[in-house]
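Working through the structure, step by step
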Amino acid sequence: AADVLANGVEMSAEDGKCEYTVSDLTASTAYQLVVVVTDLTMGNAVAENVEFTTAEQPAPRVGDFYYADGTWSSELKTEANPIGIVFCVRQHPEDTSNYMLKDGATKLEEFHGYVVAAYDATYDAATGSNNGVAWGWQTGWMDDANGTSTSTQDFLGYSNSMEVLADANGVLTDSSSDNYPAFYYAMVKQEELYPAPESSTGWFLPSAYQLLYIWDTFDPESEEDALIENKLAELEAVGLGAKMYVRDSEYWSSTERSGSAENYAHYVVFDTASLNPGYIDYWTKSYKMRVRSMLVF
């Protein structure tokens with residue numbers, strides 16, 4: 001009570017009331033608030049306990065900002081550390097991934113949606129540069145029994161990333177001898193810079209169609225549909241986040257190219273300066289491109 005009185009809010013007798021905001025509360029949680037009031041002239045103090053339960057967090061919506069603590073909101077809360085944007089709130093029909101939580105041992109019981117990172121994993125905030133990295137250094141395609149998908153119409157970025165992680169014996173590094181630099185940046189570097197919540201899957205390298213889905217659904221050249229780019233611009237306006245639809249923005253996907261081009265992987269073009277942006281293509285795995293991570297929560 002002494003601490004409350006020493007740091008409390010003073011109100012006049014004429015007003016008879018004052019307002020005080022309690023922040024950093026968790027949704028669907030019971031709290032006990034201790035209210036202490038004293039008369040400054042008489043010195044009489046009265047304390048009262050107020051019990052309440054915070055409201056449930058509303059269901060996520062496309063375009064919501066996603067935060068490091070695993071919460072989300074339609075309106076930007078810069079103090080909550082935004083790390084991504086929700087771009088789909090249903091499990092896509094072309095997604096058969098077996099999702100686990102970030103700890104790698106606990107099954108994701110409730111599927112809320114997909115989040116695209118607020119930043120490129122290959123972006124250097126100190127220099128403002130984005131140099132890109134190779135997909136991998138191996139000379140062949142990962143085999144059918146233990147490889148990534150090759151379809152450009154699936155949502156298997158998480159499964160692909162887990163396969164690559166297993167093939168790397170659980171260790172991804174940023175050395176020239178490592179087979180999978182793009183996955184290192186998507187899963188390891190991204191986590192170092194912008195840790196994912198424990199209630200999520202953690203970051204992974206999206207499939208080609210997961211990236212294309214963002215372009216097709218949120219066309220930046222359409223004022224009505226440019227939701228994701230507008231949300232990224234809102235983050236950039238306050239010194240957070242980095243746009244996707246910019247010059248030279250070609251993103252590696254976790255989808256390999258099979259057949260005669262087995263040393264190739266697919267990428268998606270977000271460069272609005274190109275003649276026909278918003279398409280999937282493939283190129284040699286040693287070529288350097290940008291990386292944009294995703295997660296599921």
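This write-up is about the structure you can find in this document. (Residues numbered from 1 in each chain as written. Predicted model: local features only at pLDDT ≥ 70, side-chain atom pairs only at ≥ 80, totals over all residues. Heavy atoms only, no water.)

1. Thoughts on the overall build of the protein chain
Cut-off, in case you're wondering: Helix numbering and strand numbering both begin at the N terminus, where a helix is a DSSP run of H or I of at least 4 residues and a strand a DSSP run of E of at least 2. Burial status follows relative accessibility: with a 1.4 Å probe on protein chains alone, a residue under 20% of its type maximum counts as buried, one over 50% as exposed, and anything between as partly exposed. We call two residues contacting when some pair of their heavy atoms lies within 4.5 Å. Accessibility throughout is a Shrake-Rupley quantity obtained with a 1.4 Å probe, and a residue counts as covered only by protein chains that appear here.
On a plain count of helices and strands, the protein chain comes out with five helices and 14 strands. For the protein chain, the proportion of its 297 residues judged to be buried stands at 42%. Put simply, of all contacts in the protein chain between residues at least 6 apart along the chain, 63% involve residues at least 24 apart. Surface summary for the protein chain: the accessible area is close to 15600 Å², and the carbon and sulfur share equals 47%.

2. Details of the sheet that holds strand 3 (residues 65-67)
Selection criterion: At least two DSSP bridges between two strands are required for those strands to pair. Convention adopted: a line fitted to C-alpha atoms gives each axis, helices being fitted over their contacting stretch, and angles between N-to-C directions are expressed from 0 to 180 degrees.
Taken together, the five strands give an open sheet; going across it, the order is 4-3-5-6-14, and neighbouring strands pair in antiparallel fashion. One side of each edge strand has no neighbouring strand; the edge strands of this open sheet are strand 4 (72-73) and strand 14 (294-296). Across three bridges, strand 6 (residues 114-117) lies against strand 14 in antiparallel orientation. Its bridge partner lying in strand 14, Val-116 is registered against Met-294. Here helix 4 (residues 208-217) sits on the sheet in contact with strand 5 (82-88), strand 6 and strand 14, set at roughly 85 degrees to strand 5.

3. Remarks on the side chain of Thr-122
Quick note on the threshold: Whenever two N or O atoms come within 3.5 Å, that pair is a polar contact, provided that in protein one can donate a hydrogen and the other can accept it, and provided that, for residues adjacent in sequence, both atoms are side-chain atoms.
Its location among the elements puts Thr-122 in the loop between strand 6 and strand 7 (123-124). Here the side chain of Thr-122 touches Val-291 through a polar contact of 3.3 Å, landing on its backbone nitrogen. Apart from the residues lying within four places of it in its own chain, the contact partners of Thr-122 are Ser-129, Asn-130, Asn-131, Gly-132, Val-133, Tyr-185, Met-289, Arg-290 and Val-291.

4. So, the sheet that holds strand 11 (residues 264-269)
Adjacent strands of a sheet pair through backbone hydrogen bonds, lying either parallel or antiparallel. Within the open sheet, the three strands sit side by side as 10-11-12. Their pairing is antiparallel. Since the sheet does not close on itself, it has two edges, and those belong to strand 10 (250-257) and strand 12 (279-284), each with one partner. Within the sheet, the average angular offset between the axes of one strand and its neighbour, ignoring direction, is 35 degrees. In this sheet, strand 11 lies alongside strand 10 in antiparallel orientation, the contact comprising five bridges. In the sheet register, Glu-250 faces strand 11, and the bridge partner there is Val-269.

5. Notes on the pairing of strand 6
By the alternation rule, side chains of strand 6 split into Tyr-114 and Val-116 and Val-115 and Ala-117, which are all buried. For strand 5 and strand 6, the ladder comprises four bridges, and the chain directions are antiparallel. Directly across from Cys-88, in strand 6, lies its bridge partner Tyr-114.

6. A short note on the pairing of strand 11
Among the six residues that make up strand 11, five are buried, leaving the element largely enclosed by the rest of the structure. Relative to strand 12, strand 11 is paired through six bridges, and the arrangement is antiparallel. For Tyr-267, the partnering residue across the bridge sits in strand 12 and is Asp-281.

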